[in-house]
Structures are given as structure tokens and as C-alpha cells.
Amino acid sequence: MDVMLHAGQGGDYLDNELSTFRTTQMPNLLLVDDEPKLIFKQISHVFAPLGSRIELVRSGNEAIQHVARGQTDVVLLDVALPDMGGLEVYQRIRQIDGRVPVIFITATTSAETAIEAMRHGAFEYLFKPLNLERLEEVVTEALEVARWMSQPAVVAEGDNAVVVEELCGDAIVGRCPGMGEVYKAIGRVADQNVIVLITGESGTGKELVARAIYQHSGRSDKPFLAINCAAIPESLLESELFGHEKGAYTGADRRRIGKFEQCNGGTIFLDEIGDMPLATQGKILRLLQDQKFERVGGNETIQTDVRVIAATNRDLRAFSEQGNFRPDLYYRLSVFTIRLPPLRERGDDLPALVDYYLRRFNRNLGRDVREVAPEAMERLRAHSWPGNVRELQSVVKQALLQATGTVLIPTFLPELASAGKVGAAAPDAGSSEGWSSLKDFIRQRLHAGSTDLNAEAQLEFDRILLTAVLEFTDANQFQAAKILGVSRQTLRQRLRGIGRNVVKSVGNPTE
């Protein structure tokens with residue numbers, strides 16, 4: 001995709017390109033900088049090969065006009081502009097659409113303007129000269145957040161599934177009684193401004209339900225931020241949520257605004273809250289009770305106004321009885337609970353889901369599979385789906401990659417461990433081909449007299465683990481790092497260690 005430099009172009013170009021953008025769903029980045037030569041080149045280097053459109057304006061007024069046209073996903077905003085300050089530009093953008101993530105760029109080390117903007121909801125701030133790895137990480141996350149806020153998570157039924165997919169790509173599919181109760185619950189609670197706890201096994205679609213609640217709420221025009229409590233190291237989670245003061249700990253060289261302060265007026269989705277450390281749970285409890293907190297290392301009490309939606313794949317009642325989760329926090333969270341049924345309990349929803357994902361992935365993968373052979377559907381029905389809808393997505397993608405013609409036959413399906421055994425448990429990891437290969441590798445190195453077996457085995461383990469996770473996420477490194485619970489920098493180091501370099505697709509994360 002060519003990079004387009006449109007400094008101060010008029011509305012004709014924008015109007016002509018709008019239909020293309022809506023059809024292709026290309027991420028649209030707006031750079032606002034009056035001295036853009038180097039930074040534009042850096043941004044283009046990172047995002048143009050991944051299919052993003054990068055546009056440039058040189059003043060605050062141009063930026064405001066551009067955002068007002070309604071086709072901007074993420075704004076990168078310089079603090080110093082010739083006609084007005086960056087903070088004023090940000091406030092004007094927020095008045096137009098409070099959901100557009102704005103990333104401040106500053107050349108000053110104090111960054112007071114950017115920090116003040118974070119207090120009012122800006123997404124992040126970066127320092128010049130830009131660190132390209134950090135730039136990619138922040139903008140990728142901002143694009144995902146923009147997608148969450150702008151693309152409806154809607155119910156797709158029957159022929160409407162095709163229309164829904166073309167419009168937004170995210171739909172909650174299913175008509176079984178259990179899903180009917182989910183839809184009713186979303187309708188009852190969406191506009192009530194109360195805490196919601198979403199429970200269900202991994203892969204059942206808890207994030208989609210959280211987004212549907214947000215998008216049908218009175219806060220749908222305000223920010224929506226998602227935090228995976230299991231993916232952020234315990235030592236950093238409290239700072240991520242509540243922020244910290246300068247000098248709060250080693251390396252805290254400036255004040256940081258946390259998500260609860262940044263998202264004032266909006267909605268925060270705390271995914272995998274059952275994995276939150278006990279120490280952080282206490283601060284969350286106070287926030288839910290009083291909407292007040294202190295930054296790490298600070299004494300100032302911060303007042304906020306944030307709606308919390310939480311999700312977990314754990315039994316929090318049992319977890320609290322075991323001492324792993326605060327009972328008082330559990331009672332506070334479970335005011336209104338929505339349980340998502342596992343796929344094995346959803347009866348005839350399976351064919352509808354298979355049909356929906358066939359239609360959706362056909363276009364992405366360049367296939368034209370229109371139906372599923374009865375024998376193939378029987379194999380899918382016989383599987384117990386321990387990974388639920390997320391596993392089904394993976395299976396459909398793998399089948400489409402193998403498919404030829406317009407009918408999906410059993411030969412195209414990947415091996416399903418529980419095929420022919422309804423309700424069978426998922427296979428033990430030790431019995432899989434990958435783990436068997438690792439055991440053989442260890443035996444070979446032992447007989448070869450290895451003196452560095454730990455490092456060698458770790459690399460072999462990474463080849464198996466990272467390959468599996470990247471296949472699952474369609475080579476999306478951002479999602480892979482979240483699943484692994486490591487930073488993207490760590491993931492890349494481990495990928496380099498096994499001699500693998502993966503180019504990620506921006507703006508198309510899995511659910």
C-alpha cells in the first residue's frame with residue numbers, strides 16, 4: 001500500500017477516498033506536525049507495509065477539520081504547533097469524537113502538556129526522537145482500541161450475518177437458549193451504569209459481550225479501554241491501572257497517568273480479573289466503592305468516573321474460598337453476572353457459527369468455500385471444543401487454507417483430538433506431537449553429552465510454543481504477546497533466538 005502525503009489537501013480527495021476506506025477497513029493514521037520530514041518517514045517505514053494509510057497535516061486547525069470529517073482512527077499529535085497548542089487541539093478533537101485515540105509526541109523531557117492531556121483522556125505520549133519499536137507497539141494498541149470503540153459487536157442471525165460481517169467484522173452469533181439469555185442480559189444492563197461480571201470458559205467471546213454492553217450504554221461516545229490482567233506483569237499492573245508519581249520506584253523518572261484516570265467518563269474492561277494480584281484487588285475494591293484512588297507513590301486522592309466491566313474464566317466464588325481472590329471484591333463485582341455458555345452446550349449454534357466464519361474468512365484468505373459437506377459437519381459436531389469459539393475460528397481458518405473448490409470436505413479439516421468422541425476431554429499436552437518431539441530432542445542432547453542443555457531445550461521449547469501461538473493469532477505479534485503474558489520486546493527477542501521474523505497484520509486482531 002502506497003504511503004500518501006496529503007498536507008493541506010481539500011475535501012475532494014477525502015470524499016473520494018472515504019468509500020474506499022469504508023470498504024477495505026484500512027487503518028487511517030493522522031500525523032499532526034509542522035516539521036514532519038523525519039517522523040513521517042519513520043511512521044511510514046513502520047506502518048505503510050502493513051496496509052495503513054498515513055496522512056499529514058501541519059496545523060491544529062487542519063487536524064480538527066480532518067477529524068471532523070469522520071475518517072480518522074488514530075491521531076499522532078505534536079505538542080508544539082504554529083497556530084495553537086497541542087492541548088487545545090486535543091480538547092477540540094475530543095469534543096468532536098471522544099473515542100478517537102490521540103497519541104502526543106513531544107520533544108521536551110518534561111512532557112507536562114502531554115501528561116495533562118493524559119489526565120483528560122489522551123491515549124499515550126511518545127518522545128522525540130521516536131523509538132520505532134515503542135511507536136509500533138503504542139499505535140497498534142491504539143488501532144485495536146479504536147476498532148473496539150467504532151465497530152459494533154452485534155448479533156448476527158441468518159442472512160444478516162453476511163451484512164454484519166461486511167460492516168464491522170465482529171458479531172455475536174447464536175440462537176440457542178443460553179445465548180438468548182445472554183442477549184436479554186445485555187439489553188437489561190447496558191444502560192444501567194452498574195458493574196458487570198462476564199464469566200465463561202476461555203474463547204467463549206467475553207470481550208465481544210463487553211463491547212456490546214459498552215456500545216449500547218450511555219457512555220458509548222466516551223473512551224473504552226481493555227486491560228488483560230493476566231498479560232501484564234504483577235509489578236507493573238498497579239501502575240498501569242492507577243498511574244505513579246515521579247520517583248515512586250526505580251525507573252519512574254516522570255509522573256504516569258493510569259487507565260482509571262485516563263478513562264474518566266468512559267468504560268474499562270478488566271479481562272481475566274481472576275488473575276489480578278491480591279494487593280491490587282484492594283485498590284480496585286476501593287475504586288468500585290468510592291471512585292477514588294491514589295497513584296503509586298502518591299498521596300493525592302484522585303476522583304474519577306469509570307464504569308467497570310470485568311471478565312474471568314475462573315470460578316471466583318471457589319477462588320475466593322481458597323484465599324486467591326478477595327470475597328468482598330467478588331461480591332462487589334457480581335452485582336450483575338452474565339454467563340457465556342461453552343460451545344459444547346450451544347446445540348445447533350455450531351452450523352451457524354461455521355457458516356458465519358466461512359463467509360468471514362473466505363474473503364480474508366481468498367477462498368470461495370460455500371458449504372460444508374455433511375461428513376465434515378459431523379466431525380465438527382463430534383468435537384468437544386475445549387477452546388470454544390476461538391478454537392472453532394482457528395479450525396475454520398486451517399480448513400480454508402487447505403481447501404480447493406467450493407465444498408469443505410473432511411480431508412480439509414485439521415486433526416480434531418476428540419473427533420468421534422462426543423464430550424471427550426482435550427488431549428494431555430504431553431501426548432501431542434510437539435511435546436513428544438521436545439522429549440526426543442532432550443534425549444538426543446543428553447546422549448550427545450550436551451553441557452548447555454537448559455539453553456538448548458529452551459530454544460526448542462520456544463520453537464514449539466511460539467510457532468503454535470503465532471499460528472493461532474495469524475502471526476499477530478501484539479495478540480501473541482498478550483496470550484504469552486510477555487512484552488512484545490521479549491517476544492521478538494525469543495523469535496530472533498529461534499531465527500524467526502514475523503510480520504504482523506495491523507488492525508485485524510482476533511476476538
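Scroll up a little and you will see the structure.
Here the structure is a predicted model, which means the values were calculated and not measured. (Residues numbered from 1 in each chain as written. Predicted model: local features only at pLDDT ≥ 70, side-chain atom pairs only at ≥ 80, totals over all residues. Heavy atoms only, no water.)

### A word on the pattern of salt bridges
Here is step 1 of the chain: Per the counting criterion, the structure on display carries 29 salt bridges.
Here is step 2 of the chain: For the salt bridge of Glu 201 with Arg 344, the shortest nitrogen-to-oxygen distance reads 2.4 Å. Here Glu 201 is found in the loop between strand S8 (196-199) and helix H9 (206-215), whereas its partner Arg 344 is found in the loop between strand S16 (337-339) and helix H15 (349-365), with 143 residues between them in sequence.
Here is step 3 of the chain: A salt bridge links Arg 346 to Asp 349, with the nearest nitrogen and oxygen atoms 3.1 Å apart. Taken as a pair, Arg 346 and Asp 349 share a single burial class, namely buried.
Here is step 4 of the chain: Here the salt bridges share partners, and the residues they tie into one network are Glu 116, Arg 119, Glu 245, Arg 255, Glu 261, Arg 295 and Glu 300. (Salt bridge = Lys/Arg side-chain N within 4 Å of Asp/Glu carboxyl O. Helix = DSSP H or I, 4+ residues; strand = E, 2+ residues; numbered from the N terminus. Buried < 20%, exposed > 50% of the residue type's maximum accessible area, 1.4 Å probe, protein only.)

### Re the environment of Leu 329
Here is step 1 of the chain: Inspection of the secondary structure puts Leu 329 in helix H14 (residues 327-333).
Here is step 2 of the chain: The exposure class of Leu 329 is buried, given its relative accessible area of 0%.
Here is step 3 of the chain: Measuring from C-alpha to C-alpha, the distance between Leu 329 and Gln 281 comes to 7.1 Å, with 48 residues separating the pair along the chain.
Here is step 4 of the chain: Each residue touching Leu 329, except ones within four places of it in the same chain, is listed here: Gln 281, Ile 284, Leu 285 and Leu 288. (Contact = heavy atoms within 4.5 Å.)

### Structural notes on helix H8 (residues 177-189)
Here is step 1 of the chain: Compared with an ideal rise of 1.5 Å per residue, which puts 13 residues at 18 Å, H8 spans 19 Å between its outermost C-alpha atoms and is within 8% of the ideal.
Here is step 2 of the chain: By the burial criterion, the buried members of H8 are Met 179, Val 182, Tyr 183, Ala 185, Ile 186 and Val 189. Relative to the axis of H8, the buried residues are bounded by an arc of 160 degrees and lie together on one face. Facing away from the buried side of H8 by more than 90 degrees, the exposed set consists of Pro 177, Gly 187 and Arg 188. (Expected span 1.5 Å × (residues − 1). Arc of directions from axis to C-beta.)

### Focus on the sheet that holds S8
Here is step 1 of the chain: A sheet is described by the order of its strands in space; here five strands give the open sequence S9-S12-S15-S8-S16, paired in parallel fashion. Lying at the two open borders of the sheet, with one neighbouring strand each, are strand S9 (224-228) and S16. Strand after strand, the sheet turns through a mean of 15 degrees between neighbouring axes, direction not considered.
Here is step 2 of the chain: Bridging between strand S12 (residues 267-271) and strand S15 (residues 307-312) involves four bridges; their strand directions are parallel. Bridging across to S15, Phe 269 finds its partner in Ile 309.
Here is step 3 of the chain: On top of the sheet, H8 reaches S8, S15 and S16; it is set at about 160 degrees to S16, its chief contact. (Pairing = 2+ DSSP bridges. Axes fitted to C-alpha atoms, helices over the stretch in contact; angles between N-to-C directions.)

### Considering the packing of aromatic side chains
Here is step 1 of the chain: Counting across every chain of the model gives eight aromatic pairs.
Here is step 2 of the chain: Arranged with centres 5.4 Å apart and planes meeting at 55 degrees, the rings of Tyr 330 and Tyr 331 form a pair that is tilted.
Here is step 3 of the chain: By relative accessible area, which is 12% here, Tyr 330 ends up buried.
Here is step 4 of the chain: Residue classification places Tyr 331 among the exposed residues on the basis of a relative accessible area of 53%.
Here is step 5 of the chain: An aromatic cluster is present here, built from Phe 242, Phe 260 and Phe 293 joined pairwise through their rings.
Here is step 6 of the chain: Lying over the aromatic face of Phe 123, Lys 259 brings its terminal NZ or CZ to 5.4 Å of the ring centre. (Phe/Tyr/Trp six-rings, centres within 6.5 Å; stacked < 30°, edge-to-face > 60°. Lys NZ or Arg CZ within 6 Å of the ring centre and 35° of its normal.)

### Observations concerning the sheet that holds strand S1 (residues 28-32)
Here is step 1 of the chain: As summarised here, the arrangement of the five strands in space is S2-S1-S3-S4-S5, forming an open sheet in which the pairing is parallel. If you trace the sheet from one side to the other, it starts and ends with strand S2 (53-57) and strand S5 (124-127), each paired once. Pairwise comparison of adjacent strand axes, ignoring direction, gives a mean angle of 20 degrees for this sheet.
Here is step 2 of the chain: Where strand S3 (residues 74-78) lies against strand S4 (residues 102-106), four bridges are found, and the strand directions are parallel. Paired with Leu 76 across the two strands is Ile 103, which belongs to S4.

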